[in-house]
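As a plain string of letters, each chain reads:
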Amino acid sequence: MLRSRDIIAEAEGCAGIRDPETHLHGGLHALVASLNGDNRLSAAGEAAAQQALVARTVDRLEAIKWVNQHPEIEEEKIEAPVFLTGLPRSGASYFQYLFDRDPRYRLLRPWEMSMLSSRPGAKPATPPPRGVQERQMRPEEVEGFDALHLIDSDGSEDCHAFLEQSYAAAGFFNVGDAPSYIDYLLNRMDMTGPYRVHRRQLQLLQWRTAPRRWVVKYPNHVIAMDAILDVYPDARFAMTHRDPLQTLAAVALSTLTLRSARYDPPLDPHRVGKQMMDFMRRHVDRIMAFCTGPHADRVVHVDYYALVADPVTRLEAVHGALGTDLPGDVREAIGGWRRDDPKGRRGSGHNILEQFGIDVEAAAELFSDYRRHFDIPREKEALLRMGAAA
């Protein structure tokens, strides 16, 4: 059985300091209680969860040590960061890789997710030793991981790990059957604390380097956009939109795959489907509330299908909305990357809603308000239109 006090104690022992941010521990208590619930982790899954939570807590404590030794780190200004987000599996990773063709922006690297392998103030392009990269890259026990998450050793990465440090990552629900934790995260957790931890990580990575505008990506940022503005008052959001039935199917499939490494078989795909349909609807609720609220103008909306069909033109429009341009060399870089890494090269899942017990028409009705508001086509219609235009 997982115990939050044991996780904290082990991390404190590794880092050599007591954890001063006890206000974050409510998230850990909620997560551990949920993982210890009726649908228990396997022995291997429990060991993996313990190891991961200790490691992320150590990362946070090591960051605190750096700031204690160098208080000037907290003076680093993270100016006008761009948060790439949208429903999970809606194309934000593809969007991020396009931004990564532009040297004016600073994106996160896979090896920077752990304080154990990234030194504050190091050059962003300086990777750690090869062995460290290989340990960080992808979980070997998850078959088909490349089709679930776009990742390269020298590419860009999302900031999920930074939210894990403060036990505030919605993605915990994709690797663990923890519904009460998600209820706590969405209904009770003050997300400003976790995003202060997030900001501290960016400050550490920026310290002693030439500042560039940060572009960070995480689909689940959509559940905390108000908190993000509390911590980053000049932040902007670029949000991808894709047929929610397609994203729901992809999320259900990836969740079933990821959980398979932590639970004894057989897993119930209908339970996963029901959970993910509710999970995605709650994301939509947050999107609709923010995008019809007082800060709606902070969001640049991006049609996923237009982005895939013509990334240069669409990215130029996004840059214009963000107050910048798209230089010619960046246009060339985007075109070259798209030719070398076409959509689907890494594999794809067979996203069939029925296998998860989801009625297609009921799901379509559940997300109909979202599709109408953002004028999102059904995936099949959009692909046919793209094929006709090619």
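Above this text you will find the structure in question.
Just so you know, these numbers come straight off a predicted model, no measurement behind them.

Asks: Can you explain the pairing of strand 4 (residues 236-241)? Please cite residues and give values.
Replies: Most of strand 4 is tucked away, with six of its six residues classed as buried. Residues Arg-236, Ala-238 and Thr-240 point to one face of strand 4 and Phe-237, Met-239 and His-241 to the other, with burial holding for every one of them. As paired strands, strand 1 (residues 82-86) and strand 4 are joined by five bridges and run parallel to one another. Each bridged residue has a counterpart across the sheet, and for Val-82 the counterpart in strand 4 is Arg-236. Relative to strand 5 (residues 299-303), strand 4 runs parallel, the two being bridged by five bridges. Its bridge partner lying in strand 5, Phe-237 is registered against Val-299.

Asks: Tell me about the packing of aromatic side chains, and please be specific about residues and values.
Replies: If you walk through the whole model with that rule in mind, you get ten aromatic pairs. Between Phe-173 and Phe-279, the ring centres sit 5.6 Å apart and the planes meet at 70°, which makes this aromatic pair edge-to-face. You can see Phe-173 sitting in helix 8 (residues 172-175) and its partner Phe-279 sitting in helix 13 (residues 269-291), a full 106 residues away along the chain. The two residues Phe-173 and Phe-279 agree in class, both being buried. For the pair Tyr-304 and Tyr-305, a centre-to-centre distance of 5.2 Å together with 75° between the ring planes defines the contact as edge-to-face. Each member of the pair, Tyr-304 together with Tyr-305, is buried. Ring-pair connections join several aromatic residues into one group, and the members of that group are Phe-83, Tyr-232, Phe-237 and Phe-290. Its guanidinium or amino end placed over the ring of Phe-173, Arg-259 lies 5.1 Å from that ring's centre, counting from NZ or CZ.

Asks: Lay out the environment of Ala-122 with the relevant residues and their values.
Replies: Within the secondary structure, Ala-122 is located in the loop between strand 2 (105-106) and helix 5 (130-137). Along the sequence, Ala-122 and Gln-206 sit 84 residues apart, while their C-alpha atoms lie 8.5 Å from each other.

Asks: Tell me what's going on with unusual backbone geometry, and back it up with residues and numbers.
Replies: Cis geometry is found at the peptide bond from Pro-265 to Pro-266, where omega equals 0°. Summarising the element assignment, Pro-266 is placed in the loop between helix 12 (244-259) and helix 13. Positive phi outside glycine occurs at Arg-208, with the angle close to 65°. With respect to the secondary-structure elements, Arg-208 resides in the loop between helix 10 (192-206) and strand 3 (213-217). Look at Arg-208 and you get exposed, because its relative accessible area is 58%. Residues other than glycine seldom take positive phi values, yet Asp-375 does so here, at roughly 55°.

Asks: Can you break down the sheet that holds strand 3 residue by residue, with the values?
Replies: Here we have five strands laid out as an open sheet, ordered 2-3-1-4-5, and parallel in their pairing. Each having just a single partner strand, strand 2 and strand 5 make up the two edges of the open sheet. Across the sheet, helix 10 touches strand 1, strand 2 and strand 3, and the angle it forms with strand 3 is around 130°.

Asks: Explain the pairing of strand 3 residue by residue, including any values.
Replies: With respect to burial, strand 3 is a largely interior element, five of its five residues being buried. Here strand 3 shows no split at all, with Arg-213, Val-215 and Lys-217 on one side and Trp-214 and Val-216 on the other all buried. Strand direction decides the pairing type here: strand 1 and strand 3, joined by three bridges, are parallel. In the sheet register, Phe-83 faces strand 3, and the bridge partner there is Val-216. Judged from the two bridges that link them, strand 2 and strand 3 form a sheet pairing that is parallel. Within the sheet, the bridge partner assigned to Arg-106 lies in strand 3 and is Trp-214.

The rules we used
- Residues numbered from 1 in each chain as written.
- Predicted model: local features only at pLDDT ≥ 70, side-chain atom pairs only at ≥ 80, totals over all residues.
- Heavy atoms only, no water.
- Buried < 20%, exposed > 50% of the residue type's maximum accessible area, 1.4 Å probe, protein only.
- Helix = DSSP H or I, 4+ residues; strand = E, 2+ residues; numbered from the N terminus.
- Pairing = 2+ DSSP bridges.
- Phe/Tyr/Trp six-rings, centres within 6.5 Å; stacked < 30°, edge-to-face > 60°.
- Lys NZ or Arg CZ within 6 Å of the ring centre and 35° of its normal.
- Contact = heavy atoms within 4.5 Å.
- Axes fitted to C-alpha atoms, helices over the stretch in contact; angles between N-to-C directions.

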